[in-house]
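So you can see what is in the structure, the chains are spelled out below.
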Amino acid sequence: MKILVTGGCGFAGSEVIRALLERRKGLEILVVDNFSRHGSEGNIDPLRALGCDVRAGDVRDRAFLESLPRMDWILDAAANPSVLAGIDAGSTSRDLVDQNLYATVNLLELCKTWSASFTLLSTSRVYSIPALCALPAVKAESRFELPAGARGTGWSAAGVTEDFSTAPPLSLYGSTKRCSELLALEYGQAFGFPVWINRCGVLAGAGQFGKADQGIFSYWIHSWRAGRPLRYIGFGASGCQVRDCLHPRDLVDVLLAQVDWGTRPVERVLNLAGGAAHAMSLRELSAWCAGHIFPARLDADPQHLSDPSVERPFDIPWAVLDCQRAREIWGWRPSTPISRILEEIAAHAASHPDWLDRVAG
Ligand SMILES: NC(=O)c1ccc[n+]([C@@H]2O[C@H](COP(=O)([O-])OP(=O)(O)OC[C@H]3O[C@@H](n4cnc5c(N)ncnc54)[C@H](O)[C@@H]3O)[C@@H](O)[C@H]2O)c1
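A quick note: this is a predicted structure, and the numbers were derived from the prediction, not measured. (Residues numbered from 1 in each chain as written. Predicted model: local features only at pLDDT ≥ 70, side-chain atom pairs only at ≥ 80, totals over all residues. Heavy atoms only, no water.)

Draft legend 1. Expanded view of the overall build of the protein. The helix and strand tally for the protein stands at 13 helices and 16 strands. Taking 21 Å as the expected radius of gyration for a compact globule of 361 residues, we find that the protein reaches 20 Å, a close match to that expectation. Principal axes of the C-alpha set define a box for the protein whose edges measure 55 × 45 × 40 Å. Counting only residues that meet the buried cut, the protein has 56% of its 361 residues in that class. Sequence-distant contacts, at least 24 apart, represent 82% of the contacts inside the protein between residues at least 6 apart. Summing over all exposed atoms, the protein offers an accessible surface of approximately 15,000 Å²; the carbon and sulfur share of this is 52%. Computed over 36 positive and 40 negative side-chain charges, the inter-centroid distance for the protein is 2 Å. (Helix = DSSP H or I, 4+ residues; strand = E, 2+ residues; numbered from the N terminus. Rg over C-alpha atoms; globule rule 2.2 N^0.38 Å. Buried < 20%, exposed > 50% of the residue type's maximum accessible area, 1.4 Å probe, protein only. Contact = heavy atoms within 4.5 Å. Areas by Shrake-Rupley, 256 points an atom, 1.4 Å probe, with all protein chains shown as cover. Lys, Arg positive; Asp, Glu negative; His and termini not counted. Charge placed at Lys NZ, Arg CZ, Asp CG, Glu CD.)

Draft legend 2. Quick peek at the sheet that holds strand β2 (residues 28–33). On the basis of which strands lie adjacent, the open sheet formed by seven strands has the order β3-β2-β1-β4-β5-β11-β14 and parallel pairing. Since the sheet does not close on itself, it has two edges, and those belong to β3 (53–56) and β14 (269–272), each with one partner. With strand direction ignored, the average angle separating the axes of adjacent strands in the sheet is 20°. Bridge count between strand β11 (residues 195–200) and β14: four bridges; the pairing is parallel. In the sheet register, Arg 199 faces β14, and the bridge partner there is Asn 271. Sheet strands in contact with helix α6 (residues 172–191) are β5 (117–123), β11 and β14, and its direction is about 155° off that of β5. (Pairing = 2+ DSSP bridges. Axes fitted to C-alpha atoms, helices over the stretch in contact; angles between N-to-C directions.)

Draft legend 3. Structural context of the site of the ligand. Neighbouring the ligand are 32 residues; Ala 12, Asp 33, Gln 99, Tyr 173 and Lys 177 lie closest to it. Contacts to the ligand include Phe 11, whose backbone N or O atom sits 2.9 Å from an oxygen atom. Between the ligand and the protein, one listed contact pairs a nitrogen atom with a side-chain N or O atom of Gln 99 at 2.7 Å. A total of 820 Å² of accessible area belongs to the ligand in isolation, and the protein chains cover 97% of it. Breaking the shell around the ligand down by element, the ones donating at least two residues are α1 (11–23), β5, α6 and β12 (202–203). Top element by residues in the shell around the ligand is β5. It accounts for three residues. Of the residues contributing to the shell around the ligand, the split by class is 15 nonpolar, twelve polar and five charged. (Near = heavy atom within 4 Å. Polar contact = N/O pair within 3.5 Å; in protein donor to acceptor, adjacent residues only side chain to side chain. Nonpolar A, V, L, I, M, F, W, Y, C, P; charged D, E, K, R; others polar.)

Draft legend 4. Highlighting the packing of aromatic side chains. Under the criterion given, the structure shown has seven aromatic pairs. Between Phe 144 and Phe 235, the ring centres sit 6.2 Å apart and the planes meet at 75°, which makes this aromatic pair edge-to-face. You can see Phe 144 sitting in strand β7 (residues 144–145) and its partner Phe 235 sitting in the loop between α7 (216–226) and β13 (242–246), a full 91 residues away along the chain. Where Phe 209 meets Trp 355, the ring centres are 6.3 Å apart and the plane angle is 25°; that geometry is what we call stacked. Highlighted residues: Phe 209 in the loop between β12 and α7 and Trp 355 in helix α13 (residues 355–359), separated in sequence by 146 residues. For Trp 355, a relative accessible area of 8% translates into the label buried. (Phe/Tyr/Trp six-rings, centres within 6.5 Å; stacked < 30°, edge-to-face > 60°.)

Draft legend 5. Quick peek at unusual backbone geometry. A cis amide bond links Pro 168 with the next residue in sequence, Pro 169, at an omega value of 0°. Along the chain, Pro 169 falls in the loop between β10 (159–160) and α6. Despite not being glycine, Phe 35 has its phi angle at roughly 55°, a positive value. Mapped onto the secondary structure, Phe 35 falls in the loop between β2 and α2 (44–49). Classification of Phe 35 by relative accessible area gives partly exposed; the value is 23%. We note that Phe 314 has phi near 65°; this positive angle belongs to a residue other than glycine. Secondary-structure assignment places Phe 314 in the loop between α10 (302–305) and β16 (318–319). Judged by relative accessible area, which is 22%, Phe 314 ranks as partly exposed.

Draft legend 6. Looking closely at the pairing of β13. The element β13 is largely enclosed, with a buried count of five among its five residues. Residues of β13 alternate between two faces, with Val 242, Asp 244 and Leu 246 on one and Arg 243 and Cys 245 on the opposite face, all of them buried. Pairing analysis gives two bridges linking β12 to β13, with the strands arranged parallel. Opposite Val 202, over in β13, you have Cys 245 as the bridge partner.

Draft legend 7. Expanded view of the pairing of β2. Across the six residues that make up β2, a large majority, five, are buried. Since strand β1 (residues 2–6) and β2 lie parallel, the crossover through α1 that links them has a hand, and here it is right-handed. What joins β2 to β3 is α2, and the crossover it makes is right-handed. (Right-handed = clockwise from strand over helix to strand, strands pointing away.)

Draft legend 8. Broad picture of the sheet that holds β10. Pairing is antiparallel in the open sheet, where three strands are placed in the order β8-β9-β10. The sheet terminates laterally at β8 (151–152) and β10, the two strands that pair on one side only. The pairing of strand β9 (residues 155–156) with β10 spans two bridges and is classified as antiparallel. In the strand pairing of β10, Ser 156 is matched with Gly 159.

Draft legend 9. Structural detail: the nonpolar core. Of all hydrophobic cores here, the largest spans 56 residues; its most connected members are Leu 20 and Ile 29. In terms of residue count, the dominant contributor to this core is α1 (six residues). Once residues lying within four places of it in the same chain are set aside, the contact partners of Leu 20 are Ile 3, Leu 27, Ile 29, Trp 73, Leu 75, Val 252 and Leu 256. Leu 68, Met 71, Leu 107 and Cys 111 belong to the second largest nonpolar core, which has 25 residues in total. (Core = buried A, V, L, I, M, F, W, Y, C linked by side-chain atoms within 4.5 Å.)

Written as structure tokens, this is what we have:
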């Protein structure tokens, strides 16, 4: 099988490629990346050593895409994945739409021409921010949590399902992904190629190019080790916001099963995330760092980390996905516990003390 992985030198793309090559023989992988993410260029040589054809190119460039050899499957992992994209200093709103939406259309046109399968790595950020903020989360000692037994349309204490509201506002980032989802489903229906929409929760692991606005587990652990300033912001600055956490290699079994399935009828939209069993608040992450890295960071007391003066746009108190649909259809569940993900990041931080400088930008 011939696979085009866009953004394949990024964190998720490169980890998925490594796991794909471990799981299945005979794959030919073409990687296209424009290396706009600082640190992604570090994956060129390792992926070439695994036999991948790695090419510099931009998925916004139609002529470049049309020059590529025919592929059986496009796995789209190229995006600006920051929830602040389009409103921060790093990118304009037009850049974001070009990069995350119009580029997806270019890939869908290729799938139409090639009769190839299309997989979108989508996001939990397609769910409605006001609806997420309206969930009855209560502040427990170290985290926000939903009362056991509470439930409503598309949610329970186990997380948010695929039926949860996607009404705006979602963030500009979330909207580019939601629009990409809809167009991908329409293209697949209209032109008869298989489309898979996989909504990932927070992805994390060693080698992620962590920044404060994206890759939070990596950013926090590397910063903790390097003694860099950290702070809790938003929702009373208590650090109680909860995120689930998944290693991208855990996506691979279901990605392969979907592509093997082809065009036969089945649900096309899926949550794939760590879920409630692999979720943590920032405050709990700090406690983990204190126990595993440096017990005695001077500012480790939550009072010192709190900065109530700052609210972050698009923040939500509790983001946990319910992956029951993936379990029922594909027998999928995460196989890497959050504890192992954190340990792997901490080991990487120990061996790469300058990592945050290398990936800054
Ligand atoms: N990391 C997460 O927590 C997370 C969660 C949910 C969904 N996702 C999705 O997974 C995908 C991958 O995210 P990631 O965390 O690996 O991000 P990343 O920034 O590490 O990787 C994205 C890669 O795409 C490349 N890229 C960006 N624009 C490009 C373009 N126009 N042409 C070619 N290459 C381009 C970048 O250089 C980078 O290597 C994204 O679509 C993102 O929305 C990520």
